Amino acid sequence: MNTTTPVDTKAWADLAHHAESWRNVHLRELMAGDPSRSAQFATHAPGLRYDYSRQRLGGMTVRLLARLAEQRGFREWRQALFSGQAVNDTEDRAAWHTELRSGNSKEVLQTLDRMRRLVPAIRKTYKRVVNLGTGGSDLGPRLLADALSDGRLDVRFAANIDPKDLERALEGAQPETTLFIVVSKTFTTQETMANAMAAKAWGGKHFYAVTANTKEAQGFGALEVLPMWDWVGGRFSVWSAVGLAAACAMGFERFEEFLAGGREIDAHFLDAEIEENVPALMALIGVWNTNFLGASTHVVLPYSNAVRLLPMYLQQLEMESNGKRTDREGREVGYATCPVVWGLEGTVSQHSFHQLLHQGTQVVPADFIDFGLSRELTANCLAQADALALGTHDTALPPHRRYPGNRPSSVLFFDGVNPRNLGRLIALYEHKVFTQGVVWNINSFDQWGVELGKQMAKDILKGAR
Ligand code: F6P
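Just so you know, these numbers come straight off a predicted model, no measurement behind them.

The rules behind the values
- All chains use their own residue numbering, which begins from 1 and follows the written sequence.
- Local features in this predicted model are restricted to residues whose pLDDT is 70 or higher, and side-chain atom pairs enter the listing and the counts only when it is 80 or higher, whereas totals over whole chains, interfaces and linings include all residues.
- In computing side-chain values, all of the structure's heavy atoms are included and hydrogens and water are not.
- The helix and strand labels rest on DSSP assignments: H or I over at least four residues marks a helix, E over at least two residues marks a strand, and numbering proceeds from the N terminus.
- Taken over C-alpha atoms, the radius of gyration is set against a globule rule of 2.2 Å times the number of residues to the power 0.38.
- In this scheme, a residue with accessible area under 20% of its type's maximum is buried, one over 50% is exposed, and one in between is partly exposed, where area comes from a 1.4 Å probe on protein chains only.
- Between two residues, a contact is recorded if the distance between any of their heavy atoms is within 4.5 Å.
- The pairing criterion is simple: DSSP has to find at least two bridges between the two strands.
- Orientation is described by lines fitted to C-alpha atoms, with helices fitted over the stretch in contact, and by angles between N-to-C directions that extend from 0 to 180 degrees.
- Any residue with a heavy atom positioned within 4 Å of a molecule or strand is treated as near that molecule or strand.
- Any pair of nitrogen or oxygen atoms within 3.5 Å is treated as a polar contact; in protein, a donor-acceptor pairing is required on top of that, and neighbouring residues in sequence qualify only through side-chain atoms on both sides.
- Residue polarity follows a fixed list, in which Ala, Val, Leu, Ile, Met, Phe, Trp, Tyr, Cys and Pro are nonpolar, Asp, Glu, Lys and Arg are charged, and the others, Gly among them, are polar.
- Each domain span listed reflects an automatic or database assignment of domains.
- By definition, pLDDT measures how confident the predictor is in each residue, and it falls between 0 and 100.
- The handedness of a crossover follows from its direction of travel: if, with the strands pointing away from the viewer, the path from the first strand over the helix to the second runs clockwise, the crossover is right-handed.
- Here, a salt bridge means any side-chain nitrogen of Lys or Arg that lies within 4 Å of a carboxyl oxygen of Asp or Glu.

J.: What's the story with the overall build of the chain in this structure? I'm lost.
T.: The helix and strand tally for the chain stands at 18 helices and 11 strands. On C-alpha atoms alone, the chain measures out to a radius of gyration of 23 Å, which is about the 23 Å that the 2.2 N^0.38 rule sets for 465 residues. C-alpha extents for the chain along the principal axes are approximately 65 × 50 × 50 Å. When burial is assessed residue by residue, the chain has 56% of its 465 residues classed as buried. Considering only contacts within the chain whose residues lie at least 6 apart along the sequence, 77% involve residues at least 24 apart.

What follows is the structure in structure tokens.
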């Protein structure tokens, strides 16, 4: 496997040279001078269109970026990912989230069968389900439940060690009709264990667990223990029993639709040539903006209230995966890796921080996500993307009313918010993250950076600091 440094590839040097020729090119001229741009710089994956015509790039840029992926060993790494090899080398583990939706694994199918039986029973028996977990054991199911609940069951989430979180999740609930799902791969996470104990103290009687630590969960008194596997990372685990609370909120058949959406993107990611491969392009364009055009943050703007939690979900997915400063050979990298990822639902974001996007001193590349939910949402989404790209050049206007433009963005178009589209969307970003890890020569699947603070908090609590 290729673990050399990307800056030593010919493509990296060529891109650095090529970027020079983009210094003085403005998207306004580019878009006016080439009306076919929106067709040339757009591609499809199942159920979606990816329009990157408002990025500051041309055909040569895309070819060089594809060459960079090739020279980084993208094909070989992708094969390793999909075949369950230990791509997480610091923990000697696979990162086999694709296997959760492939339909090939017996143990995965058995767990899905259990969920198929449990979900309707839970929906019939309980009035409230409370998911107790944090990080990957919270953000994925929370996003899905918030986006896709059919309203038949009240599903809540508590993640914070601040008791207020659980207090809110239990408002109006009764112990007899409340099911707690304790989700923790390790079953040792301080926040989750504190919330699980507090739920017991509140009088909670019904507990399920989703964990890789079956023994601890049984000791805790869980009625059902569903598995997590060490070959799946927490932030990639929503496709497994970690998604149980979400499946309870939306119904199991719709959870299967979600898996099917992810599976479609897996097939696309495996088969499509790099220049037509949506997740690979998302990754490579991110590399272009970060490493060659100097962006340090990236904003994600879903134009849907239902999908409002996506930015929070992606913050863990992208930054816990690729917020790294040493490469696979243990060397300090001499180039930027993951940008700061942030965002908010459109149109709410427009009345908050779009001022900075349009006129601030930093250029922030954006992902706009349109679901075609209303003419108003789509119009606003496209207007923002165009305004960022084109700006104004009316010198009759006072300086504070001018817009520099030339601010890059892409637009992902989906046809509606539904389980399949959410599966497609999340799988796209998972593969984007993986591809960037390959380019940057980092292990996207560990998270050692969170350990020091955890330990120090423990020491403070013990009085040892
Ligand atoms: O502290 C980070 C982290 O380990 C995440 O990677 C993970 O998603 C989260 O904590 C929760 O971990 P667990 O599922 O073991 O409780």
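Having seen the structure, we can now continue with the description.
J.: It is not clear to me how the sheet that holds strand β7 (residues 224-227) should be interpreted in this structure. Could you clarify?
T.: Across a sheet, strands are paired by hydrogen bonds formed along the backbone, either parallel or antiparallel in direction. As summarised here, the arrangement of the 5 strands in space is β4-β3-β5-β6-β7, forming an open sheet in which the pairing is parallel. Among the strands making up the open sheet, the edge pair consists of β4 (154-158) and β7. Taken over all neighbouring pairs, the strand axes of this sheet differ in orientation by 20° on average, direction set aside. As defined by bridge partners, strand β3 (residues 128-132) adjoins strand β5 (residues 178-183) across 5 bridges and the pair is classed as parallel. Following the sheet pairing, Asn131 is matched in β5 by Ile181. Sitting on the sheet, helix α6 (residues 106-125) touches β3, β5, β6 (206-211) and β7, and the angle it makes with β7 is about 140°.

J.: Is there a simple way to think about the site of the ligand in this case?
T.: In the neighbourhood of the ligand, 13 residues make up the surrounding shell, with Gly136, Ser137, Ser184, Thr186 and Thr189 lying closest. Contact between the ligand and Thr189: an oxygen atom at 2.5 Å from a side-chain N or O atom of the residue. Taken together, the residues of the shell around the ligand sort by class into 1 nonpolar, 9 polar and 3 charged. When we break the shell around the ligand down by domain, the ones giving at least three residues each are domain 1 (6-92 + 258-448) and domain 2 (105-250).

J.: Quick question: what am I supposed to make of unusual backbone geometry here?
T.: What is expected of a backbone is that most residues other than glycine have negative phi and most peptide bonds are trans. Going from Gly346 to Thr347, the amide bond is cis rather than trans, its omega being 10°. If you trace the backbone, Thr347 turns up in the loop between β9 (340-343) and α15 (354-359). The backbone of Asn406 sits at a positive phi, close to 65°, despite the residue not being glycine. For Asn406, the position within the fold is in the loop between α16 (375-390) and β11 (409-414). Look at Asn441: it is not a glycine, yet its phi comes out positive at around 60°. Position of Asn441 among the secondary structure elements: in the loop between α17 (419-440) and α18 (451-462). Here Asn441 falls in the buried class, since its relative accessible area comes to 1%.

J.: Explain the confidence of the model for the chain to me, please; I cannot follow it from the model alone.
T.: When pLDDT drops low, the exact placement of atoms in the prediction is not to be read closely. Averaged over every residue, the pLDDT of the chain is 97; the share at 70 or more is 100%. Predicted confidence in the chain is weakest over helix α2 (residues 27-33), with a mean pLDDT of 93, and strongest over strand β8 (residues 297-303), with 99.

J.: Explain the side chain of His298 to me, please; I cannot follow it from the model alone.
T.: Within the secondary structure, His298 sits in strand β8. For His298, a relative accessible area of 10% translates into the label buried. In this structure the side chain of His298 is engaged in a polar contact, spanning 3.2 Å, whose partner is the side chain of Asp367. Setting aside residues no more than four positions away along its own chain, His298 makes contact with Pro339, Val340, Val341, Trp342, Val364, Pro365, Ala366, Asp367 and Lys432.

J.: Is there a simple way to explain the pairing of β11 in this structure?
T.: Across a regular strand the side chains alternate sides, sitting on one face of the sheet and then on the other. Most of β11 is tucked away, with 6 of its 6 residues classed as buried. Because side chains alternate across β11, one face comprises the buried residues Ser409, Val411 and Phe413, and the other comprises Ser410, Leu412 and Phe414, equally buried. The pairing of strand β2 (residues 48-51) with β11 spans 4 bridges and is classified as antiparallel. The partner of Leu48 across the bridge, within β11, is Phe414. The sheet contact formed by strand β10 (residues 366-370) and β11 spans 5 bridges and is parallel. Across the sheet, residue Ile369 finds its bridge partner in β11, namely Leu412. At this point the chain moves from β10, through α16, to the parallel β11, and the crossover so formed is right-handed.

J.: Mind showing me how you'd approach the pattern of salt bridges here?
T.: Pairs may arise between side chains of opposite charge once their charged atoms sit close together. Counted by the stated rule, this structure contains 30 salt bridges. For Glu70, the salt bridge is made with Arg75, and the minimal N-O distance between the two is 2.7 Å. Looking at Glu70, the relative accessible area reads 36%, which means it is partly exposed. Note on Arg75: relative accessible area 37%, which makes it partly exposed. One salt bridge in this structure joins Asp446 and Lys324, with 2.8 Å as the shortest N-O distance. Within this pair, whereas Asp446 is found in the loop between α17 and α18, its partner Lys324 is found in the loop between α14 (310-322) and β9, the two being separated by 122 residues in sequence. On the accessibility criterion, Asp446 (5% relative accessible area) is buried. One network of salt bridges, with partners in common, ties together Arg49, Asp51, Arg54 and Asp386.

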